[in-house]
Amino acid sequence: MANKDLRTWIDEVQAIGEMQHVKGAEPAEEIGGIVDLYQRKMGNSAVMFSEVPGFAPNNRVLANILTSVPRIALTLGLPPTSSEMDLISWWRGYMKNAPTHTPIAVNGGPLLENVMEGDKVDITKIPTPKWHEHDGGHFIGTACIVVMKDPDSDWINFGTYRVQQHDPKTASVMISPGKHGRIIMRKYHERGLPCPVAVVVGAHPAFLMIGGLEIPYGKNEYDAVGGLMGQPIEIINMPKTGLPVPAQAEIAFEGYIHPNDTVIEGPLGEWTGYYAGGQREEPAIRIETFMHRNDPVLMGAIPAVPPNDNTYYLGHYRAGAVWSQLEAAGIPEIKGVCAHEAGGSRMWLTVSIKQLYGGHAKQAGLVASQCLAGAYTNRWVVVVDDDIDPHNMNDVVWAMCTRFDPREDMEMLRGGWSSHLDPMCYDGDTDRRNARLVIDACRPWVRRDSFPMVARSSRELDERVKAKWAHILPKGV
Ligand SMILES: Cc1cc2nc3c(=O)[nH]c(=O)nc-3n(C[C@H](O)[C@H](O)[C@H](O)COP(=O)(O)O)c2cc1C
């Protein structure tokens, strides 16, 4: 059976009533403007744009994809009725025992419906909106995957890195330090070799999901997507580079990144909510082959002031992944993790624990701030007791206000893994590290028995009152 593809996903989203169709919006500002309004609140529909002025009427643009819990759930193959906690638990389990399937080369499929090489290559035929007013160009890759092969092994890596369109045969890619694509590219360039690269723009959103999260160094993301889908991914080996791309993808191109070959890239409104990265030299992709399905769909996941489509799905992932990595580090009694969306699901982590010993809270906080899923661009880790719901910011701030002593309970870590997208990194050009805080907002371990009692009814009293007085109580208590 062929893999599920973006069109299957669109049908499934349509079936749960979460697809808005828009005809005739122009790509210079209207498409981006509509998407910005949609994604300011989570739970709105995905939006499909067609009849984009200046382009073939059936060349479509799909955005606001993973901004609702039901859409995230169905992308993972879960019931659309799943809750946010179900998603976090699912990711926690997934991280412990992620299934994999090795992809299979079919070297045929709908992606080959239109193949252009040499002078026929023209990526500007795809309607690519200017996503935000102040963007420096058209970003064809926001929900894309960028595929590379390690020159020292058989390792195929893909990651979601933004790709700007510059002219019919030129794109650029911006990969932050420490990301696998940048490490692989550097290996080629240090040997004076061009780095082969393939970009896929429009595939089942499971590819974006896996491309955007921390699959460990040396592991193949296609294996992971296969595990997620429960079947091997059918791939096509691109004609020039041999790099694998999904056979059911909407749009793909391949080419080379030559040593010292850069173009001016950006700015693009980013997931931190700023244009911190600005405009700078980034690696150019010289495109040799371009292919797309008939009536292709460009898929976008647009970064902006959070909440946004770039980071929302990563919140449930990061909560589950940090939870699982804390447990793997041997830290007991982790009761919950929240990666707050206001920090783009990266900059703020709350960890709740049932304290077992002095130093337990600090240990959990320091590991959360440095484990693979938690380290990149983190700024705050707050550790709270297990009577605090880490997803309830009122409770978290209350704990920070009442259980935290700045003399003892705060660790500032310098030189953390960050990016020039972080407006508070040391220096966007020369030193992209940052400083961060780990806050222990748990009751002090040595005062645990004498700490003041909480002024709220007990659970037992709550239940007795609710049973007798439900008819006069406010809804939802
Ligand atoms: C929608 C989206 C866009 C992203 N854009 C970029 C980007 O432009 N550059 C970058 O370095 N990371 C970007 N990321 C984060 C990386 O995809 C993520 O850190 C991933 O782990 C990288 O893959 P790797 O671990 O194989 O390097 C993006 C993530 C998402 C979900």
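## Section: the overall build of the protein chain
Now for step 1: When helices and strands are tallied, the protein chain shows 11 helices and 22 strands.
Now for step 2: Relative to the compact-globule value of 23 Å for 477 residues, the protein chain shows a C-alpha radius of gyration of 23 Å, a close match.
Now for step 3: With respect to the three principal axes, the spread of C-alpha positions in the protein chain is 75 × 55 × 40 Å.
Now for step 4: Relative to its 477 residues, the protein chain shows a buried fraction of 47%.
Now for step 5: Intrachain contacts of the protein chain at a sequence separation of at least 6 include 70% that bridge at least 24 residues.

## Let's talk about the site of the ligand
Now for step 1: Gly159, Arg162, Ser176, Lys179 and Gly212 are the nearest of the 20 residues found near the ligand.
Now for step 2: If you list the elements that add at least two residues to the shell around the ligand, you get strand E8 (156-159) and helix H5 (180-190).
Now for step 3: Residue classes in the shell around the ligand are distributed as seven nonpolar, 10 polar and three charged.

## Considering the domain arrangement of the protein chain
Now for step 1: For the protein chain, the assigned domains read domain 1 (6-299) and domain 2 (319-447).
Now for step 2: Each of domain 1 and domain 2 was reduced to a C-alpha centroid, and the two centroids are 30 Å apart.
Now for step 3: Across the contact, 19 residues belong to domain 1 and 16 residues belong to domain 2.
Now for step 4: Class assignment for the residues of the side of domain 1 that touches domain 2 results in nine nonpolar, six polar and four charged.

## Describing helix H9 (residues 360-368)
Now for step 1: For H9, the set of buried residues is Ala361, Ala364, Gly365, Val367 and Ala368.
Now for step 2: Each element contacted by the buried residues of H9 is listed here: helix H8 (312-328), strand E18 (334-339), strand E19 (348-353), strand E20 (380-385) and strand E22 (434-440).

## Re the nonpolar core
Now for step 1: Counting 123 residues, the largest nonpolar core has Val146, Val147, Val199, Val200, Val245, Ala252 and Val383 as the members making the most contacts within it.
Now for step 2: Broken down by element, this core gets its largest block of residues, nine residues, from H8.
Now for step 3: Residues from two domains meet in this core; each of domain 1 (6-299) and domain 2 (319-447) gives at least three.
Now for step 4: Excluding its chain neighbours within four sequence positions, the residues that come into contact with Val383 are Val351, Ile353, Ala361, Ala364, Gly365, Ile439, Asp440, Ala441 and Cys442.

## Some details on the packing of helix H4 (residues 84-96) against H8
Now for step 1: It is at 7 Å that the axes of H4 and H8 come closest, and there the two elements cross at 45°. As far as their axial angle goes, H8 and H4 are oblique. As for the relative orientation of H4 and H8, their crossing is right-handed in sense. Of the residues in H8, those in contact with Glu84, Leu87, Ile88, Ser89, Trp90, Trp91, Arg92, Met95 and Lys96 of H4 are His316, Tyr317, Ala319, Gly320, Ala321, Trp323 and Ser324.
Now for step 2: Residue composition of the contact of H4 with H8, grouped by class: nine nonpolar, four polar and three charged.

## Section: the sheet that holds E19
Now for step 1: Taken in spatial order, the five strands make up an open sheet running E18-E19-E20-E22-E21, and their pairing is mixed. Of all the strands in the sheet, just E18 and strand E21 (410-416) have a single pairing partner and so form its edges. Put simply, the sheet's adjacent strands are angled 15° from each other on average, direction ignored.
Now for step 2: Taken together, the four bridges between E20 and E22 define a ladder with parallel strand orientation. Along E22, the bridge assignment pairs Trp380 with Leu437.
Now for step 3: Packing of H8 onto the sheet brings it into contact with E18 and E19, and relative to E18 it is tilted by some 145°.
Now for step 4: The strands touched by helix H10 (residues 393-402) within the sheet are E19, E20 and E22, with E20 carrying the most contacts at an inclination of about 85°.

## Quick word on unusual backbone geometry
Now for step 1: The omega angle of the peptide bond from Gly266 to Pro267 is -5°, so this bond is cis rather than trans.
Now for step 2: Looking at the element boundaries, Pro267 is found in the loop between strand E15 (262-265) and strand E16 (280-292).
Now for step 3: Put simply, Pro306 and Pro307 share a cis peptide bond, and its omega is 5°.
Now for step 4: Along the chain, Pro307 turns up in the loop between strand E17 (297-299) and H8.
Now for step 5: We note that Asn260 has phi near 60°; this positive angle belongs to a residue other than glycine.

## Side note on the environment of Ile16
Now for step 1: Turning to its location among the elements, Ile16 is positioned in the loop between helix H1 (6-15) and strand E1 (19-23).
Now for step 2: Ignoring any residue separated from it by four or fewer positions in sequence, one finds Ile16 in contact with Pro70 and Pro80.

## Examining the sheet that holds strand E13 (residues 244-246)
Now for step 1: One open sheet accounts for three strands, arranged E4-E12-E13; its pairing is mixed. Here the strands that pair on one side only, and so sit at the sheet edges, are strand E4 (104-105) and E13.
Now for step 2: Where strand E12 (residues 234-237) and E13 come together, three bridges link them in antiparallel fashion. Counterpart to Ile236 in the pairing with E13 is Val245.

## Topic: the environment of His180
Now for step 1: As for its placement among the helices and strands, His180 is situated in helix H5.
Now for step 2: A count of 23 C-beta atoms within 10 Å places His180 in the buried class.
Now for step 3: It is 8.2 Å that separates the C-alpha atoms of His180 and Phe158, two residues lying 22 residues apart in sequence.
Now for step 4: Not counting the four nearest positions on each side in its chain, His180 is found in contact with Asn157, Gly159 and Tyr217.

## Here's the deal with the pairing of strand E7 (residues 145-149)
Where a strand is regular, its side chains alternate between the two sheet faces.
Now for step 1: The buried fraction of E7 is high, at five of five residues.
Now for step 2: Here E7 shows a buried face lined by Ile145, Val147 and Lys149 and a second buried face lined by Val146 and Met148.
Now for step 3: Bridge count between E7 and strand E11 (residues 195-200): three bridges; the pairing is antiparallel. Among the inter-strand pairings, Val147 is bridged to a residue of E11, identified as Ala198.
Now for step 4: Across four bridges, the pairing between E7 and E8 is antiparallel. From the neighbouring strand, Val147 faces E8, where its bridge partner is Phe158.
Now for step 5: Linking two consecutive strands that pair antiparallel, namely E7 and E8, is a turn of six residues.

Basis of the calculations
- Residues numbered from 1 in each chain as written.
- Predicted model: local features only at pLDDT ≥ 70, side-chain atom pairs only at ≥ 80, totals over all residues.
- Helix = DSSP H or I, 4+ residues; strand = E, 2+ residues; numbered from the N terminus.
- Rg over C-alpha atoms; globule rule 2.2 N^0.38 Å.
- Buried ≥ 20, exposed ≤ 12 C-beta atoms within 10 Å, placed from the backbone.
- Contact = placed C-beta atoms within 7 Å.
- Near = placed C-beta within 6 Å.
- Nonpolar A, V, L, I, M, F, W, Y, C, P; charged D, E, K, R; others polar.
- Domains from an automatic or database assignment.
- Core = buried A, V, L, I, M, F, W, Y, C linked by C-beta atoms within 7 Å.
- Axes fitted to C-alpha atoms, helices over the stretch in contact; angles between N-to-C directions.
- Parallel < 35°, antiparallel > 145°, perpendicular 65-115°, else oblique.
- Left-handed = near helix turned anticlockwise from the far one by under 90°.
- Pairing = 2+ DSSP bridges.

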